[in-house]
Structures are given as structure tokens and as C-alpha cells.
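Structure at a glance
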Amino acid sequence: MDTSKRNLYCNLAALCLLAVVLYLFDQYGTEYQIRILNNMAVFITLAVSYNLVNGMCGLLHLGPNAFITIGAYTSALLTMSPMEKQMSFIIEPLIWPFSVLQAPFFVSLIAGGVMATIFAFIISFPVFRVRGDYLAIVTLGFGEVIRVLCNALQGVTNGPLGLKGLQPYTNLWWSWGIAVFTIIVITKLVNSSYGRAMKAIREDEIAAKAMGVDPFRHLMLAFLVSAFFCGVAGGLMAHLITTISPTLFTFFLTFNLLIIIVVGGLGSTTGAVIGAALFAWGGEALRVVESPMNFGAFTIPGIPGMRMVLFSVILMVVIIFARRGIMGRNEFSWNWLFTKLGLNAK
């Protein structure tokens, strides 16, 4: 069988298997298990899109929490009915046209992504005039500016009160469907001529420019695509938690994403997926150390916060023994798997 056809069939089989697993959890899984799977899918979307800028382009971008915030608030405001908005905005009424607009969940997600992309386009001009630590400071500052504005703009975000009582539209099909779509789009982009140009800029921007690559155009493309999917993921997060406020979108969210892509492997989409899955599942699995444990005659009391201590130790071990992350810059491929199994086509 032709290798390309075999890989296509394997991809379709993997998608069918994922659909079966999601169906089983949706029908028979507990609410806790479903919540973990939803969190995992949302973090996969965020990590894969964030890795496009930090890993593929080699930029230290520290402002994804800003785009997540914009997408979350935009999506939440569009799905709320005018009556719900009137009841929520008790200190200062919501400004027009958000006060009268209402849209389906899918439209609100797209709107959240588009709004995040517009803001990314506006700040891309000053952002890409600098490099290195200065770029990190600029993007970090943008994230903090958006958080402060969410606190201050009572007529748009309801200030510190936030938005409550959102409809829980995010389910396994929405979260994982968008996660798979994000992986496909980012993978196609990375493997295209644009992706090769991004990698060339990462390795040596001056040499890439000398070969005819326009760094500004390619970096902006990666920045806008990443912002769009961060905005969409923000909408998913808002309708998963059903309550959002400025305290939810601090730099700690960006820090978690940075941990995910570093542990998975900067520049690897597969590593971003693995890192996000381990982060979402492992963070919950370690909760057992915060509960009392009985070992026969010995009882170890639960220690609040021990979960984060162990998580930090595990992170240090991974960084020490896998300095480039779990995957490095490598990607999973069916050809590699079949070669390892001795089933590769001759």
C-alpha cells in the first residue's frame, strides 16, 4: 500500500477511535472525568497555538492570557441574552451593541477568535520592532493591560464582578473537535512553505532575510493564527467554567502554558499535545497526596499544597533529564511507528 494512503487511513482510524472514546465517556463517564477531558482539550488547543509562536518562530511571547481573556469575554457576552446581561450589569449598564446582541455558541467562538486576532494585529506593529527580552516584556505588559482594563471597564466586562451564570455549552464534542481542528491547521501550516520560513527565522533571522524571507510577514501570520485559536479556546473555557472574572486570566495562565510547551518540547506540536494532556491529567492525579493516606498502622495526614510541590519536583526532573523536552523538536509520524514495529512498507 502507498505510504500516503496508509497514513491517511491511520489518521481516519485514530479519529474514529477518539470519537468512540469520547462517546463512551459522554454516555458513561462521571462528571469529574468529563471535566478533566474538557480541560485537557482546551489546554491542547492553547498549547498547540501558543507553541506556533514560541516554538516554531522562536519568539518569547508572554501575552496569550490577553487573547484568551478577549475571546472569553467576547464569547460570553454574545451568548448571554439581553435579560441576563441586564441582571448581571447592576453597577453600570452594558454598552451598546453588546447589550442587545445575542448569537449561537459557534458564532460566539468565531467572534471571540476574530476579536483576539484584531487586537493581535494592532499590537503586532510595536511588538515585532523588538526581539528577545524586550519582546517578552512588551507582550507581558499587553497581557497585564488587558487584565487591568477588564477590572476598570464596568460597562463592558462588569469589572471585578465578572460574568456569572453562563450556559455550559462546552462539552466533549466541542472541546475535542476544536482541539483536533487546531492540530490539523497548525500542522498543515508548519509543514507548508510558511512554516519552513518560520523555522528559518527561528534559526537565523538575518540569514533568512538574506534568502528573501520577510520576517515581519511570517511572524505576524504566526502571531495572528495563534491569537485566533487562543481566543476560541477562551470562549470554550468561559462556557466550561460558566463564571469568568479578571482574576482568572492572570500571568499564571501564561506561565502554565509556557511550562506545557517547554516540557513537551519547544517546536513540537506533538510535544505540545503530550504536555497539555499530562498537565491536565497529572494536576488532578496528584491531588491524592493532599488527602490523608493510611499505610497499616501509619497514617499520613493530607498536606495542602503538596500537589504543587510534587508537580515542581517532577518538572525539575523532566528538565534535567530531557533538556529539550519530551519530544524535543520531533513529531510523531505513522512512518516512524511502523518502522519501529517492523511493518514499514517496502
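Let us look at the structure shown here. Quick caveat: nothing in here was measured; it's all calculated off a predicted structure.

Some points on the packing of aromatic side chains
All told, the structure shown has 15 aromatic pairs when counted by the stated rule. Measuring from centroid to centroid gives 6.1 Å for Phe106 and Trp174, while their planes differ by 25°, and the two rings are stacked. Separated by 68 residues along the polypeptide, Phe106 in helix H5 (residues 105-127) and Trp174 in helix H8 (residues 172-190) bring together distant segments of the chain. Taking the relative accessible area as the measure of exposure, Phe106 reaches 47% and is therefore partly exposed. Between Phe332 and Trp334, the ring centres sit 5.2 Å apart and the planes meet at 75°, which makes this aromatic pair edge-to-face. Exposure remark for Phe332: the relative accessible area of 40% places this residue in the partly exposed category. Among the aromatic side chains, those forming a connected cluster through ring pairs are Phe67, Phe121, Phe125, Phe128, Phe142, Phe216 and Phe223.

Considerations on the layout of surface pockets
Each pocket or cavity is described by its volume, and for the largest pocket that value is around 1300 Å³. Residue lining of the largest pocket: 30 residues in total, with Asn11, Ile183, Thr187, Phe332 and Trp334 positioned closest to the centre. Of all the secondary-structure elements, those providing two or more residues to the lining of the largest pocket are helix H1 (3-28), H8, helix H13 (269-285) and helix H15 (334-340). Tallied by class, residues from the lining of the largest pocket come to 17 nonpolar, nine polar and four charged. Here the second largest pocket defines a volume of roughly 650 Å³. Every residue lining the second largest pocket is counted, 24 residues in all, and those nearest its centre are Asn39, Phe43, Asn256, Phe279 and Glu284.

Description of the environment of Thr3
With respect to the helices and strands, the residue Thr3 is situated in helix H1. Separated by 332 residues in sequence, Thr3 and Asn335 have C-alpha atoms that sit 7.9 Å apart.

Focus: a nonpolar patch on the surface
Among the surface-exposed residues, Phe106, Val107, Ile110, Val114, Ile118, Phe119, Phe121, Ile122, Phe125 and Phe216 lie close enough to one another that they form a single nonpolar patch of about 850 Å² accessible area. With nine residues, H5 is the single largest residue contributor to the nonpolar patch.

Comments concerning the pattern of salt bridges
A full pass over the atoms with the stated rule returns four salt bridges. Between Arg329 and Glu203 there is a salt bridge whose closest N-O contact spans 2.7 Å. Highlighted residues: Arg329 in the loop between helix H14 (306-321) and H15 and Glu203 in helix H9 (residues 193-203), separated in sequence by 126 residues. Because the salt bridges share partners, they merge into one network encompassing Arg202, Glu203 and Arg329.

With respect to the side chain of Thr254
Relative to the elements of secondary structure, Thr254 occurs in helix H12 (residues 251-264). Residues within four places of Thr254 in sequence aside, it is in contact with Tyr50, Leu62, Pro64 and Asn65.

Here we look at unusual backbone geometry
Note the cis peptide between Trp96 and Pro97, where omega equals 10°. Despite not being glycine, Asn158 shows a phi value in the positive range, around 70°. Assignment of secondary structure puts Asn158 in the loop between helix H7 (154-157) and H8. With relative accessibility at 2%, the residue Asn158 sits in the buried group. Phi is positive for Thr242, which is not a glycine, with a value near 70°. Residue position: Thr242 is located in the loop between helix H11 (215-241) and H12.

Cut-offs applied
- Residues numbered from 1 in each chain as written.
- Predicted model: local features only at pLDDT ≥ 70, side-chain atom pairs only at ≥ 80, totals over all residues.
- Heavy atoms only, no water.
- Phe/Tyr/Trp six-rings, centres within 6.5 Å; stacked < 30°, edge-to-face > 60°.
- Helix = DSSP H or I, 4+ residues; strand = E, 2+ residues; numbered from the N terminus.
- Buried < 20%, exposed > 50% of the residue type's maximum accessible area, 1.4 Å probe, protein only.
- 1 Å grid on protein atoms, 1.4 Å probe; cavity = no way out; pocket = protein on both sides within 12 Å on 5 of 7 lines; lining within 4 Å.
- Points joined across faces, edges and corners; volume = space filled by probe spheres on them.
- Nonpolar A, V, L, I, M, F, W, Y, C, P; charged D, E, K, R; others polar.
- Patch = residues over 30% accessible without salt bridge, like charges linked within 9 Å, V, L, I, M, F, W, Y side chains within 5 Å.
- Areas by Shrake-Rupley, 256 points an atom, 1.4 Å probe, with all protein chains shown as cover.
- Salt bridge = Lys/Arg side-chain N within 4 Å of Asp/Glu carboxyl O.
- Contact = heavy atoms within 4.5 Å.

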